[in-house]
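A closer look at the structure
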Amino acid sequence: MKTNILGLPVKESELIVSELNILLSNFQVYYQNLRGIHWNIRGKRFFDLHVKFEELYTDAQIKIDLIAERVLTVGGTPLHTFEDYIKNNQLVVGKNVSNDEKAVHLIVTSLSHLLKLERKILNKSGEINDEGTNSMMSDFISEQEKTIWMMQAWLEETL
Ligand SMILES: [Fe+2]
């Protein structure tokens, strides 16, 4: 089996690079969804949510950079154009969302889909002992699962 400088199988690593680029693209749409709701949110909970959405997009921005740099680390080239991001996007694009419950729903559905993409990568990186990608996906997954729990708790406020 041909391996790269990191000792990882070349062919499988290329596959992981393309999956990471798909995750990167979807994360950029998630990020932009968060910017949109940070800007457009209205109502009595504006101040809370405006700040919370900023916290989430700042976190997403850090993860976006980690994904892109992981692509480079394993020998690939990260996608960086809007054109490519839109081509690879699988998330719902939130446009002019100003209602607080709709905004939180948008976050939950976006994160839920990102989790699927991350688990797909995790399966592949696990198979080839690509621990760097593996641990990054594990961290993302547990953090996002926790955010989903919190968002769902918020949505159940009227119970
Ligand atoms: Fe702002």
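Before any of the text, the structure's been laid out above.
Keep in mind that this is a model prediction, so the values were computed, not measured.

Taking 1.5 Å per residue as the helical rise, helix 4 (residues 100–127) with its 28 residues ought to reach 40 Å, and the 41 Å between its terminal C-alpha atoms agrees with that figure. Where helix 4 begins, the capping side chain belongs to Asn-99, and its oxygen is found 3.0 Å from the backbone nitrogen of Glu-101. Downstream of helix 4 by one or two residues, Asn-129 has phi in the positive range, about 55°.

This brings us to helix 5 (residues 131–155). Taking 1.5 Å per residue as the helical rise, helix 5 with its 25 residues ought to reach 36 Å, and the 36 Å between its terminal C-alpha atoms agrees with that figure. Looking only at helix 5, the buried set comprises Thr-133, Asn-134, Met-136, Met-137, Phe-140, Ile-141, Gln-144, Thr-147, Ile-148, Met-151 and Leu-155. Packed against the buried residues of helix 5 are helix 1 (10–40), helix 2 (46–73) and helix 4.

Next up on the list: the nonpolar core. Counting 44 residues, the largest nonpolar core has Phe-27, Tyr-30, Phe-53 and Ile-107 as its most contacted members. Of all elements in the fold, only helix 1, helix 2, helix 4 and helix 5 reach the threshold of two or more residues within this core. No other element matches the eleven residues that helix 1 contributes to this core. If sequence neighbours within four positions are ignored, Phe-53 has contacts with Leu-34, Ile-37, His-38, Ile-41, Ala-103, Val-104 and Ile-107.

Looking at the secondary structure, you find Tyr-57 in helix 2. Overall, Tyr-57 belongs to the buried group, its relative accessible area being 7%. Sequence spacing of Tyr-57 and Ser-98 is 41 residues, and the spatial spacing of their C-alpha atoms is 17 Å. For Tyr-57, the residues in contact, after removing those within four places along its chain, are Tyr-31, Leu-34, Arg-35 and His-38.

What follows covers unusual backbone geometry. Even without being a glycine, Asn-96 presents a positive backbone phi close to 50°. Examined against the element boundaries, Asn-96 turns out to sit in the loop between helix 3 (82–88) and helix 4. With a phi angle near 55°, Asn-129 is a residue other than glycine that sits in the positive phi range. Structurally, Asn-129 can be placed in the loop between helix 4 and helix 5. Under the relative-accessibility criterion, Asn-129 is labelled exposed at 67%.

Parameters and conventions
- Residues numbered from 1 in each chain as written.
- Predicted model: local features only at pLDDT ≥ 70, side-chain atom pairs only at ≥ 80, totals over all residues.
- Heavy atoms only, no water.
- Helix = DSSP H or I, 4+ residues; strand = E, 2+ residues; numbered from the N terminus.
- Expected span 1.5 Å × (residues − 1).
- Polar contact = N/O pair within 3.5 Å; in protein donor to acceptor, adjacent residues only side chain to side chain.
- Buried < 20%, exposed > 50% of the residue type's maximum accessible area, 1.4 Å probe, protein only.
- Contact = heavy atoms within 4.5 Å.
- Core = buried A, V, L, I, M, F, W, Y, C linked by side-chain atoms within 4.5 Å.

Purely spatial values, then, with no claim about function.
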